[in-house]
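Notes for the structure review
Listed below are the residues making up each chain.
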Amino acid sequence: MKTNTPTTSQGAAAVGATVRVGLDPAALQQGIVDHLRYSIGQLPALATPAHYYRALALAVRDRLQDRWIRTTETYFEQERKLACYLSAEFLLGPHLANNLLNLGLEEAARGALAALGQDLDTIIDCEPEPGLGNGGLGRLAACYLDSLATLAYPAVGYGIRYEFGIFAQQIRDGWQIERTDKWLHAGNPWEIAKPDICYEVNWGGHTETYADEAGLQRVRWVPFRVVKGLAYDTPIQGFGVDTCNTLRLWSAEAVESFDFQAFNTGDYFEAVEAKLRSETVTKVLYPNDEPAIGKRLRLAQQYFFVSCSLQDMLRILDLAGVPVERFAERYAVQLNDTHPSIGVAELMRLLIDERHLDWDQAWAITVAAFGYTNHTLLPEALETWSLPLFRECLPRHLEIIFEINRRFLDQVRARFPGDEARVARMSLIGEVGDKQVRMAHLASVGSHAINGVAALHTDLLENSVLADFHELWPERFSNKTNGVTPRRFLALANPGLRALLDRTLGTDWLVDLTALRRLEAHIEDPAFRSEWRAIKHANKRRLADYIATQTGVELDPNWLFDIQVKRIHEYKRQHLNLLHILTLYRRLKADPGLGIPPRAFIFGGKAAPGYFLAKRIIKLINAVAGTINADPEVNERLKVAFVPNFNVRNAELIYPAADLSEQISTAGKEASGTGNMKFMLNGALTIGTLDGANVEIREQVGDENFFLFGLTADEVARLQRQGYRSADWLDSHAELRAVLDMIGSGHFASGDSEVFRPLVENLTDSDPFLVLADYAAYVACQERVASAWSDPERWTRMAILNTARCGRFSSDRAIREYADEIWGLQPVAVSAHIA
Ligand code: B1H
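Residues numbered from 1 in each chain as written. Predicted model: local features only at pLDDT ≥ 70, side-chain atom pairs only at ≥ 80, totals over all residues.

For the record, the criterion: UniProt positions are given in the numbering used here, feature names are shortened, and annotations may be inferred rather than shown by experiment.
Naming follows an unreviewed UniProt entry, where the chain appears as Alpha-1,4 glucan phosphorylase of Thioalkalicoccus limnaeus. Here is the UniProt Cofactor (unreviewed entry) comment for the chain, exactly as written: "pyridoxal 5'-phosphate". The record in UniProt for the chain states the following under Catalytic activity (unreviewed entry): "[(1->4)-alpha-D-glucosyl](n) + phosphate = [(1->4)-alpha-D-glucosyl](n-1) + alpha-D-glucose 1-phosphate".

Printed below as a string of structure tokens:
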């Protein structure tokens, strides 16, 4: 493999690099051939696309390697501040195509493979998807890594190397079936194991005090169990720069010495069992998006990766010879939701118990280092841990949290004397029912910056869930509206549009998304509009082909593609979408000549395996699809498809094919949404409520280019305060009642009136997300959509405007805001000296 092994001096490394890891097709071809032979050991004659995938991936990683090492070296030499993004999830999606794009290697790879008789697209499809996240929160972390590297910010992503990522969803008889995601099955050519970078993490047991050499009283944690965390590094190459940052994921392993204790007592099986228990910590991603589950293993995962990450930061500081007192000058540590918020107590423990700093100094460092991003207001999603469980697992951290709380509540009392109700509300320990540790309060008290993820969300955060904290520390709060990376979600996902943009505007939109504004100059050019439509049509064809192979449902690319893809959740209201479909279905059945434009309704998304109603919603979508698609009276105007296993890879086919983006959550419930931005980027129009980032999307694109409907967050809150009665909406709306009756009657379930009863009753009896209240407005708004669609030139203008005005929703803009306003971070140019 190594035709010219680099030697020690940098000059020699650079010379070796140009020979061995050249970016031209011939060098790349040689790299593939070498890896096929020396890394994989496959005869060329027997090599399958999967072998070629692996060989190409390794050859590409070689081409990242010098940049990667040079980047790490540069950060170390220049002693600059590093952003550490702590996240329990990184929903990266496939690496290969992204790395080819960011390295400028796409054409070379296509050529090299063609010379070997292989097709690049087939090879790209062989990559298993690293699905180490549930949905928006994990994908946001991945977009942020891409932007950090592209903007040359020194940064590390820290997370968990789950052996099984988000489950693979299959649909059987209309129901969701979960299959384990064995993404590491064939090995992972992108990661490099760093077995020498490992830390011990304690668990359980008790604490005791002792006197140190100077006679000072200190605390020692005597754990019940110790687990080792091993680093696995993945390169995160920026687009068009030499910066290649690191994603460091931790994998749990048993600690030898602990096993030996059991060996010595002769209990071999006990020792092996203990080993297995240790290694379960990083086995599987919890598949719950939003509701917190409160399981011990989940707390173990959180503590495990946070402790490894903070120990790693301290080790690097030591290596650089920087005193620990300067921790916060060198690290900005961002908490992606409360999942890593135990870090506040862990850094205090490391600084006080292990580095012997005093409390005030440790606390000043901690608050200066941490920032906290909140991603949800849903009460069931706010993490708390039962106090007894917490004490049993993390006894030292509970002591520290009590002390943080004592000092914090003194501050609250000093500021608001006599207001004990406020003290109880703000306490880190909840006393409503069984006692709990409130992680959002720990994160807020321990961070100098707290942010929401869209303007409305931050506003609601400041006025509801964290209102008391906002009153105490208004200066800590700010908004950081989410963003998405245009590299993956436009350049990779939509090659047709990418080519048109490059030809029309040049290529700077890839790193300055506001450049798309210049598209507006072409909007009145009929030739441009017709090119635009041709691209959209081809994207719809591509998706229709995919859906046909996955589900057997045939869709016509001339129809309006109306798409809702996201996790299945009541608050996201996939069932509201269904009620509209069934309204059209009934109208058509009653009047076959009804003049409505033909529409394909496309859904996709996973339900948490234990979420009963969400799973019934999937079943209902598939049942409705089965009935409608098979009914010749309606299937020339309506079709419904459910794309199984919505993930990053098929998302890249879906967003570019959409005409209409469904963003119909109950106002006040969706913190931001990021799918909404990916649709907009690809020229879809949005039908949506005033929720999350929809508000800002509408501001950018203009009221006249956005289909707005529904109650506002204030109206929702008011209705719920007054005592919302869903029956009121039923009484006044015969069509709605008829649709619900139809679902309840078993019409879509071969006469089985049981299967959808819980869904119907949920709506008629309580309707927690005000589906019925928004129904009429939604249906009316969909009529406005239909009428706009009937004028293709008008629709195309609106579509172009959506793409033209989406600049604000680039993750580059979001990352610059975090860097400037929260982290105090400067870009650092990296030069890899590579030809
Ligand atoms: C979001 C989550 C989430 N908010 C708990 N909260 C999880 C909470 O495994 N868990 O325990 C997993 C995920 N995810 C989403 O974050 C919001 O709902 C979206 O509106 C937002 O766009 C996204 C990114 O900010």
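**Observations regarding the overall build of the chain**
Rule in force here: A run of H or I in DSSP becomes a helix once it reaches four residues, and a run of E becomes a strand once it reaches two; helices and strands are each numbered from the N terminus. Labels follow a simple rule on C-beta atoms placed from the backbone: if 20 or more others lie within 10 Å of a residue's own, it is buried; if 12 or fewer, it is exposed; otherwise it is partly exposed. Note that contacts rest on C-beta atoms placed from the backbone: two residues are in contact if these are within 7 Å.
In terms of regular secondary structure, the chain is built from 34 helices and 24 strands. Overall size of the chain, expressed as C-alpha extent along the three principal axes, is 90 × 75 × 55 Å. Taking all 835 residues of the chain together, the buried fraction comes to 50%. Residue pairs at least 24 apart in sequence account for 76% of intrachain contacts in the chain once pairs closer than 6 positions are excluded.

**Let's talk about the nonpolar core**
The following threshold applies: Note on terminology: a nonpolar core is a set of buried residues of type Ala, Val, Leu, Ile, Met, Phe, Trp, Tyr or Cys, with members joined through C-beta atoms within 7 Å.
Counting residues in hydrophobic clusters, the biggest one holds 243 residues, and the most contacted among them are L56, A83, C84, F304, L620, I621 and V624. With 11 residues, helix α3 (residues 49–78) is the largest single contributor of residues to this core. Apart from residues no more than four positions distant in its own chain, L620 is found in contact with L578, I743, F748, F756 and L759.

**Some words on the site of the ligand**
To be explicit about the condition: Any residue whose C-beta atom, as set from the backbone, lies within 6 Å of a molecule or strand is reported as near that molecule or strand. What marks off one domain from the next here is an automatic or database domain assignment.
Inspection of the region around the ligand gives 21 residues, with G136, L137, H375, A671 and S672 positioned closest. Each of domain 2 (79–93 + 129–480) and domain 3 (486–741 + 774–810) gives at least three residues to the shell around the ligand.

**Description of the domain arrangement of the chain**
As a reminder, the rule being used: Side-chain classes are defined by residue name, with Ala, Val, Leu, Ile, Met, Phe, Trp, Tyr, Cys and Pro counting as nonpolar, Asp, Glu, Lys and Arg as charged, and the others, Gly among them, as polar.
Parsing the chain into structural domains produces domain 1 (1–78 + 99–128), domain 2 (79–93 + 129–480) and domain 3 (486–741 + 774–810). Each of domain 2 and domain 3 was reduced to a C-alpha centroid, and the two centroids are 35 Å apart. Elements represented by at least two residues in the side of domain 2 that touches domain 3 include exactly α7 (136–150), β5 (168–172), β6 (175–179) and α18 (455–463). The biggest single contributor to the side of domain 2 that touches domain 3 is α7, with five residues. Partitioned by chemical class, the residues of the side of domain 2 that touches domain 3 number 15 nonpolar, 16 polar and six charged.

**Here we look at the sheet that holds strand β14 (residues 384–386)**
What counts here: Strands qualify as paired when DSSP identifies two bridges or more between them.
Strand order in the open sheet made by the three strands is β14-β16-β15, with antiparallel pairing throughout. Across the chains shown, the open sheet's two edge strands, defined by having one partner strand only, are β14 and β15 (429–430). Relative to strand β16 (residues 436–438), β15 runs antiparallel, the two being bridged by two bridges. Within β16, the residue paired with G430 across the bridge is Q436.

**A few points about the pairing of strand β21 (residues 638–643)**
Just so we agree on the cut-off: When the strands point away from the viewer, a crossover counts as right-handed if the path from the first strand over the helix to the second runs clockwise.
Across the six residues that make up β21, a large majority, six, are buried. Taking every second residue as pointing to the same face, both faces of β21 are buried, with L638, V640 and F642 on one and K639, A641 and V643 on the other. Both strand β20 (residues 599–604) and β21 contribute to a ladder of six bridges, which runs parallel. Pairing of F601 across the sheet is with V640, part of β21. Handedness of the crossover joining β20 and β21 through helix α24 (residues 612–629) is recorded here as right-handed.

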